[in-house]
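What follows is the residue order along each chain.
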Amino acid sequence: MSNKPIPRSDRRSSKKPRFSGKKSVVISSPQPRANTQTEQSDDDLIYGRHSVLAALESDRQLNRIWITNRLHYDPRFHNLIQASKAKGAVIDEVSVQRLSQITNGANHQGVAAQVAPYNYHDLDGLIAQAKANSDEPVIVIADSISDPHNLGAIIRTAEALGCQGMIIPQRRAAGVTSTVSKVAAGALESFPVARVVNLSRALETLKAEGFWIYGTVSEGGKRLQDFNFRGAIGLVIGSEGSGLSLLTQRCCDELVSIPLGGKTPSLNASVAAAINLYEIYRQRWSEKVYIK
């Protein structure tokens, strides 16, 4: 099947019990109702120095902070910890062993925090904010990225290279969890993410707002270096296994491929995203330097 983009004009228990011979009365107790909310569903856990420090420096609500004695009085943390305490956060000074128990053996680096769930941005608000912050905004769209490590890595790269936000689908994809926050290393505190029910409709909204949509594919697209990335851009990153869905490809204006020289047929989703985003950044940075 061809991966060429479709022109915009064409888009439209079975065993029986043994009988003992004696009468018996079986009293069945009612089954408890399933709890639709998991324990601590109102909170999430982040850990690691970069992630917690970024959360402390932002306006994000911290409900509880666990920190080792050594890090508690570190100049980078002490004043921020006190400010968070003044806002109502509970501060627990704990041992390294206790912190390892709280984080289930994760690499906590001496600090963890319980925060309110991530507050997703509204799509229209994200677009408006992106256009207000840049004349040539770049928004990353994740098409069913299911691995939270990949999602966190893409967010970290996108924020580092000056992108204005990300759009993720609500179903069959990773959301913003503590693992994503950890891998993003604090980038989420200044990088907006919108979660949408219909990704195709979101892409059409972006196009109506003047964004040109590029979809990344392992093969079948034009070479990355052959594009001139100007104007408002939406860059769509495909899922780890199947890449971009055919429906998403139909919504793209162009399909982009990274030329490879080895026998490996494709790249990890976060690596491919990093290469594409850096090329966009490099072209714009080079032009600014040339103009100066």
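This is a predicted model, so every value here is computed, not measured. Per-chain numbering applies: the sequence of each chain, read as written, is numbered from 1 onward. For a predicted model such as this one, the threshold for reporting local features is a pLDDT of at least 70, and the threshold for listing and counting side-chain atom pairs is 80 or more; totals across whole chains, interfaces and linings nevertheless cover every residue. Hydrogens are left out, water is left out, and the side-chain values use all remaining heavy atoms of the structure.

**Observations regarding the overall build of the protein chain**
Note the cut-off: Secondary structure elements are defined from DSSP: runs of H or I of at least 4 residues count as helices, runs of E of at least 2 residues count as strands, and each element is numbered from the N terminus. Here the term buried applies to any residue with accessible area under 20% of the maximum for its type, exposed to any over 50%, and partly exposed to those in between, with areas from a 1.4 Å probe on protein chains only. For every accessible area listed, the method is Shrake-Rupley and the probe measures 1.4 Å; residues are considered covered only by the protein chains on display.
Secondary structure summary: the protein chain contains ten helices and eleven strands in total. Buried positions account for 43% of the 292 residues belonging to the protein chain. Looking at the protein chain as shown, the accessible area adds up to about 17400 Å², and 49% of this sits on carbon and sulfur atoms.

**With respect to helix H1 (residues 49–57)**
Going by this rule: Any two residues whose heavy atoms approach within 4.5 Å are treated as being in contact.
Of all the residues in H1, the buried ones are Ser51, Val52, Leu53, Ala54, Ala55 and Leu56. Of the surrounding secondary structure, the elements contacted by the buried residues of H1 are strand S1 (44–47), strand S2 (62–67), helix H3 (78–86), strand S4 (111–115) and helix H7 (178–184).

**Describing the packing of aromatic side chains**
Each aromatic ring pair is characterised by the separation of its centres together with the angle its planes make. As a reminder, the rule being used: The rule is short: rings of Phe, Tyr and Trp, with Trp giving its six-membered ring, pair when the centres are within 6.5 Å, and they are stacked under 30 degrees, edge-to-face over 60, tilted in between.
Here the structure, examined in full by the defined rule, presents four aromatic pairs. With centroids separated by 5.0 Å and ring planes inclined at 65 degrees, the aromatic side chains of tyrosine 214 and phenylalanine 229 adopt a geometry described as edge-to-face. A residue pair is termed long-range when its members are at least 10 positions apart, and tyrosine 214 in strand S8 (residues 212–216) and phenylalanine 229 in the loop between strand S9 (222–223) and strand S10 (233–237) qualify at 15 residues. Take tyrosine 214 and phenylalanine 229: they sit in the same class, and that class is buried. On the numbers, 6.0 Å between centres and 45 degrees between planes, the contact of tyrosine 278 with tyrosine 281 is tilted.

**As for the pairing of strand S11 (residues 254–257)**
Using the following cut-off: Two strands pair under a simple rule: DSSP has to find at least two bridges between them.
Judged by which residues are buried, S11 turns out to be covered on both faces: Glu254 and Val256 on one side and Leu255 and Ser257 on the other are all buried. Where S8 meets S11, three bridges bridge the pair, whose relative direction is parallel. Opposite glycine 215, over in S11, you have leucine 255 as the bridge partner. Bridge analysis of S9 against S11 gives two bridges, and the strand direction is parallel. Bridging from a neighbouring strand, lysine 222 pairs with valine 256 of S11.

**What to know about the environment of arginine 282**
We count it as follows: For the purposes of these results, a polar contact is taken to be a pair of N or O atoms within 3.5 Å, where, inside protein, one atom must be able to donate a hydrogen and its partner to accept one; residues adjacent in sequence count only when each atom of the pair is a side-chain atom.
For arginine 282, the position within the fold is in helix H10 (residues 269–291). Assessed through its relative accessible area of 34%, arginine 282 is described here as partly exposed. Distance from arginine 282 to phenylalanine 229, taken between C-alpha atoms, is 9.8 Å for residues 53 residues apart in sequence. Only 2.8 Å separates the side chain of arginine 282 from the side chain of glutamate 279, close enough to count as a polar contact.

**Here's the deal with unusual backbone geometry**
At serine 144, a residue that is not glycine, the phi angle is positive and equals roughly 65 degrees. Tracing the chain through its elements places serine 144 in the loop between strand S5 (138–142) and helix H6 (148–160). Overall, the relative accessible area of 24% leaves serine 144 in the partly exposed class. Positive phi is not limited to glycine here, since arginine 172 has a value of about 55 degrees. With respect to the helices, strands and loops of the structure, arginine 172 is situated in the loop between strand S6 (165–169) and H7.

**Structural notes on the side chain of serine 200**
The topology assignment puts serine 200 in helix H8 (residues 199–208). Classification of serine 200 as buried rests on a relative accessible area of 15%.

**Observations concerning the confidence of the model for the protein chain**
Rules: Known as pLDDT, the predictor's per-residue confidence is scaled from 0 to 100.
Mean pLDDT for the protein chain: 82, with 83% of residues reaching 70 or above. Below pLDDT 50 for its whole length, residues 8–43 participates in 19 contacts with residues either more than four positions away or in separate chains.

**Describing H6**
Spelled out, the test is: To estimate how far a helix should extend, the number of its residues minus one is multiplied by 1.5 Å.
The end-to-end C-alpha distance of H6 is 18 Å, a good match for the 18 Å that 13 residues give at a rise of 1.5 Å each. Taken together, the buried positions of H6 are occupied by Asn150, Leu151, Gly152, Ile154, Ile155 and Ala158. Regarding H6, its N-cap is aspartate 147, as a side-chain oxygen of that residue lies 2.9 Å from the backbone nitrogen of histidine 149 further along. Note on H6: the residue one or two positions beyond its end, glycine 162, has a positive phi of about 80 degrees.

**Let's talk about the pattern of salt bridges**
The criterion, for reference: Salt bridges are identified by distance alone: a Lys or Arg side-chain nitrogen within 4 Å of an Asp or Glu carboxyl oxygen.
Throughout the structure, instances matching the rule amount to seven salt bridges. With its nearest N and O atoms 3.1 Å apart, the salt bridge here joins aspartate 74 to arginine 76. Classification of aspartate 74 as buried rests on a relative accessible area of 17%. Judged by its relative accessible area of 44%, arginine 76 falls in the partly exposed class. Here glutamate 209 makes a salt bridge to lysine 131, at a shortest N to O gap of 3.1 Å. On the criterion of sequence distance, the pair formed by glutamate 209 in the loop between H8 and S8 and lysine 131 in helix H5 (residues 123–133) is long-range, its members being 78 residues apart.

**A closer look at the environment of tyrosine 214**
Classification of tyrosine 214 by relative accessible area gives buried; the value is 5%. Sequence separation between tyrosine 214 and glutamine 249 is 35 residues, and the spatial gap between their C-alpha atoms is 9.1 Å. Excluding residues within four positions of it along the chain, tyrosine 214 makes contact with Phe227, Asn228, Phe229, Ile233, Gly234, Leu235, Val236, Cys252, Glu254 and Val256.

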